[in-house]
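Given next are the chains, with one letter for each unit.
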Amino acid sequence: MSDDEAIARETVLGIDIGGTKMAAALVSADGTILTGDRILTPPGDADEVFAALGELIKRVRGDVIPLAVGIGSAGPLDQQHGLVSPVNITGWRNFPLVDRVRALTGDVPVALGLDGHCFALGEFWSGAGRDAETLLGIVVSTGVGGGLVVDGKPWIGQSGNAAHIGHVVVDQDGESCACGSYGCVEAYASGPRMVARAKRRGWRTDEDVDAAVLAADAAAGDELALAIFDDGAQALAAGIVATAVTVDLTTVVIGGGVAKAGPVLFDPVQAWVKRLAQLPFVAELTVEPAQLDNAGLLGAAHLAWASVA
């Protein structure tokens, strides 16, 4: 038996697709990443974006045909038909992602889930949610995604889009959102939207800067940057509490690029959650930072393993 054949007998391929980056890895049954890589999500039309993903997949798997493939993608998605229409990947609308990936990887099971679902599942599997039976995972990055694990299992909903917390409306008269609605969590808490709001209020107007710079300024005490993070934290907290009182949960894990701001984000989120979570059964609601840098990728791999269990 060749080395590739041995790897194929004991690995799945996990794929994590977001508006900022795409990642892929061969993952063992215990969650060990055997080989992996990531790229920036390119602009372009549907085929151009998929071509970049296809090259990433080929580079990661080599000649290995995995037992199964798990994909975590930004949404919304049509899980029944394997289609994705990510709000933050404009080139993909009803894009047949499952069929296109299967054509590259061989006739193996391909499981599709929201990136937020996979993030939550990854943190539940081997991260900050290991000790929780029910948890809400949130990814704060280019957009704001979410996922629920209820009684130890991912809760995906009828269409596969459950827990899309980024598009919970927290201000019905609020700012317009990329989804077409108004006042969504994502319109206030995503990295690009926080930067845009700061610039409208006079912050670094002539510079090409991102949420990491905004976070650094906030950590240094810049009052405007702190106020922008507080606005985003309030929106996140409102979405968290709305979900908690609906599902009856006490554990929340937040990851993603913006979460790397650390206390600049978590301190106001925790303060706003404490202020808003007044019902007794959510009074002990906790919000923790993610422990894994690749939770979405591991969650996608977990979906793949479940498909062949």
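Right, let's walk through the structure included here. (Residues numbered from 1 in each chain as written. Predicted model: local features only at pLDDT ≥ 70, side-chain atom pairs only at ≥ 80, totals over all residues. Heavy atoms only, no water.)

Some words on the side chain of Ser-73
- Mapping Ser-73 onto the fold places it in strand E4 (residues 69-73).
- Take Ser-73: its relative accessible area is 0%, and that puts it in the buried class. (Helix = DSSP H or I, 4+ residues; strand = E, 2+ residues; numbered from the N terminus. Buried < 20%, exposed > 50% of the residue type's maximum accessible area, 1.4 Å probe, protein only.)

What to know about the sheet that holds strand E11 (residues 251-255)
- Overall, mixed pairing links the 5 strands, which are arranged E10-E9-E8-E11-E12 in an open sheet. The sheet terminates laterally at strand E10 (153-155) and strand E12 (286-289), the two strands that pair on one side only. Sheet twist, expressed as the mean angle between neighbouring strand axes with direction ignored, is 30°.
- Sheet topology note: the strand E8 (residues 135-140)/strand E9 (residues 144-150) ladder contains 6 bridges and is antiparallel. Paired with Val-140 across the strands is Val-144, a residue of E9.
- Sheet strands touched by helix H4 (residues 115-126): E8, E9, E10 and E11. Its angle to E9, the strand with the most contacts, is close to 50°.
- Helix H9 (residues 263-276) rests against E11 and E12 of the sheet, and its axis sits at about 165° to E12. (Pairing = 2+ DSSP bridges. Axes fitted to C-alpha atoms, helices over the stretch in contact; angles between N-to-C directions. Contact = heavy atoms within 4.5 Å.)

So, the sheet that holds strand E7 (residues 110-114)
- Here 5 strands make up an open sheet; going across it, the order is E3-E2-E1-E4-E7 and the pairing mixed. Since the sheet does not close on itself, it has two edges, and those belong to strand E3 (33-40) and E7, each with one partner. The average angle at which neighbouring strand axes cross in this sheet is 15°, direction not considered.
- Relative to strand E2 (residues 21-28), strand E1 (residues 11-17) runs antiparallel, the two being bridged by 7 bridges. Within E2, the position partnered with Thr-11 by the bridge is Ser-28.

Just geometry here; none of it tells us what the structure is for.
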